[in-house]
Amino acid sequence: ARMMCETYALESAVYLTTGLIDAGVPDYSLESAICKVYGSETIWMVVNETLQIAAGIGYMAEYPYERMLRDARINLIFEGTNEILRAFISLAGLQSPGKQLTEVARAMREPIKGFGVLSDFAIQRARARFGRERFERVHPVLHADAVVIEEGAMALARESERVLRKHGKEIAEKQFVQARIAEVAMDLYALTAVVARTSQLIEQRGEEGARREIDLCHGFRVIAERRLRERLEKMEREEDELLKEVAQNTYSDGGYRFDVTS
Ligand SMILES: Cc1cc2nc3c(=O)[nH]c(=O)nc-3n(C[C@H](O)[C@H](O)[C@H](O)COP(=O)(O)OP(=O)(O)OC[C@H]3O[C@@H](n4cnc5c(N)ncnc54)[C@H](O)[C@@H]3O)c2cc1C
C-alpha cells in the first residue's frame, strides 16, 4: 500500500511540475529539485521493498530485482546528490522569509560552500514557495487532506521564520534543520499535487469513479502527515549536537574504534 500511495504521489508531483513548465512558469528549479529527491528516494524504497518481497530469489542475479536495485541506487547520487539538493530546497525556500532579515538575505546571496554543480544553477534564482496554499477547488471528500496542507504550510512558514531569526546567516551551516525543512517542503508539495489531481479526477468521474485514487490520496496523506508532524514538532533537537560530536570524533579516530577484539 505504501509503495502504491508514494508512487501515486510522485507521479502527481512530476505531472504538476511538468504542467507548470508547459504553462510557461519561468523558474521551476525548486519544484524540479523536489521531484528529483522525492522521485529517487521513492524508486529506491519501492525497488527495495520489491526485492524484499521476492526475498531469496530477489537477491539472485537470474531474476531482475537485484539489477533494478543497483540501477535505482545511482539516482540518489547523480543529477546533484540528494544531500546537496536538500540544502538547495531548504535554502531556496528560506529566501523569502529571509529577505525580511537583511543579514540572512546577504548570506543567501553568497554561493553556499559545497553546492558544487548546483552553484551555477543558483540559489538566487529560486523562488520562495513556502506559504499558505489556498484550495478553493478541493472536493469536499478531500477536505481532511487539504487541511493537512494548509496547517503544514503555515507551520513551515512559522518554523522557517523562527530558525532564521535564531540562527541568522549561520542557517547555511545548520544541515539537520535544512534537511527537515526540505523534507517538509517535499511532503507538502507532493500532497498538494495529489489533492489537486484527485480533485480533478472526482470532478471528471464522480466520487465512485475515482474511488481508487481517493484511497491513494487519503493513504498518502496519512503517510505524509506522520512525517510532517515528526519534523515540524521538533525542527531542532538536542541530539543533533550529540550526533555531530559522534561524527567528529569518528572522523578524528579514523573510523570505528570499539571493536570488541581490539
Ligand atoms: C554515473 C554518473 C554520472 C554523472 N553525470 C553527471 C553529469 O552528466 N553532469 C554533472 O554535472 N554531474 C554528473 N555527475 C555528478 C553527480 O551529479 C554528483 O554531483 C557527483 O557525483 C557528486 O560528487 P562526488 O561523487 O565526488 O561526491 P562528493 O561531492 O565527494 O560527496 C560525497 C558525499 O557527501 C555528500 N556531501 C558533499 N557535500 C556535502 C555538503 N556540503 N553537505 C552535505 N552532504 C554533502 C554528498 O551528497 C555525497 O553523499 C555524475 C555522477 C555519476 C556517478
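Scroll up to find the structure.
Residues numbered from 1 in each chain as written. Predicted model: local features only at pLDDT ≥ 70, side-chain atom pairs only at ≥ 80, totals over all residues. Heavy atoms only, no water.

A few words on the overall build of the chain. Along the chain, the regular secondary structure elements total 10 helices and 0 strands. The buried share of the chain, reckoned over its 262 residues, is 45%. Entry remark: accessible area of the chain is about 15100 Å², with carbon and sulfur atoms responsible for 54%. (Helix = DSSP H or I, 4+ residues; strand = E, 2+ residues; numbered from the N terminus. Buried < 20%, exposed > 50% of the residue type's maximum accessible area, 1.4 Å probe, protein only. Areas by Shrake-Rupley, 256 points an atom, 1.4 Å probe, with all protein chains shown as cover.)

All right, on to the pattern of salt bridges then. Within the structure shown, the criterion is met by 21 salt bridges. Among the ionic pairs, Glu11 bridges to Arg197, the shortest N-O distance being 2.7 Å. Taken together, the residues span a long stretch of sequence, with Glu11 in helix α1 (residues 2-22) and Arg197 in helix α8 (residues 175-209) at a distance of 186 residues. Among the residues examined, Glu11 registers a relative accessible area of 35% and is labelled partly exposed. Between Glu225 and Arg229 there is a salt bridge, with the nearest N and O atoms lying 3.2 Å from each other. Of this pair, Glu225 and Arg229 are both found in helix α9 (residues 211-233), 4 residues apart, which corresponds to roughly one turn of the helix. Linked by salt bridges that have partners in common, Arg2, Glu6, Asp187 and Arg227 make up one network. (Salt bridge = Lys/Arg side-chain N within 4 Å of Asp/Glu carboxyl O.)

Attention now moves to the environment of Ala72. Its place among the elements puts Ala72 in helix α3 (residues 65-73). With relative accessibility at 3%, the residue Ala72 sits in the buried group. Spatially, the C-alpha atoms of Ala72 and Val46 are 9.7 Å apart, while their sequence positions differ by 26 residues. When near neighbours in sequence (up to four residues on either side) are disregarded, Ala72 contacts Ile43, Trp44 and Val47. (Contact = heavy atoms within 4.5 Å.)

The subject of this paragraph is the side chain of Glu159. Tracing the chain through its elements places Glu159 in helix α7 (residues 143-167). You can call Glu159 buried: its relative accessible area is 13%. Only 2.9 Å separates the side chain of Glu159 from the side chain of Arg162, close enough to count as a polar contact. Those residues in contact with Glu159 that lie beyond four places of it in its chain are Leu232 and Met235. (Polar contact = N/O pair within 3.5 Å; in protein donor to acceptor, adjacent residues only side chain to side chain.)

Moving on to the site of the ligand. Near the ligand you find 10 residues, and of these Glu79, Gly80, Thr81, Glu83 and Gln175 are the closest. A distance of 3.0 Å separates an oxygen atom of the ligand from a polar atom in the backbone of Glu79. Here Gln175 contributes a side-chain N or O atom positioned 2.8 Å from a nitrogen atom of the ligand. For the ligand, whose unbound accessible area comes to 970 Å², protein coverage reaches 39%. (Near = heavy atom within 4 Å.)

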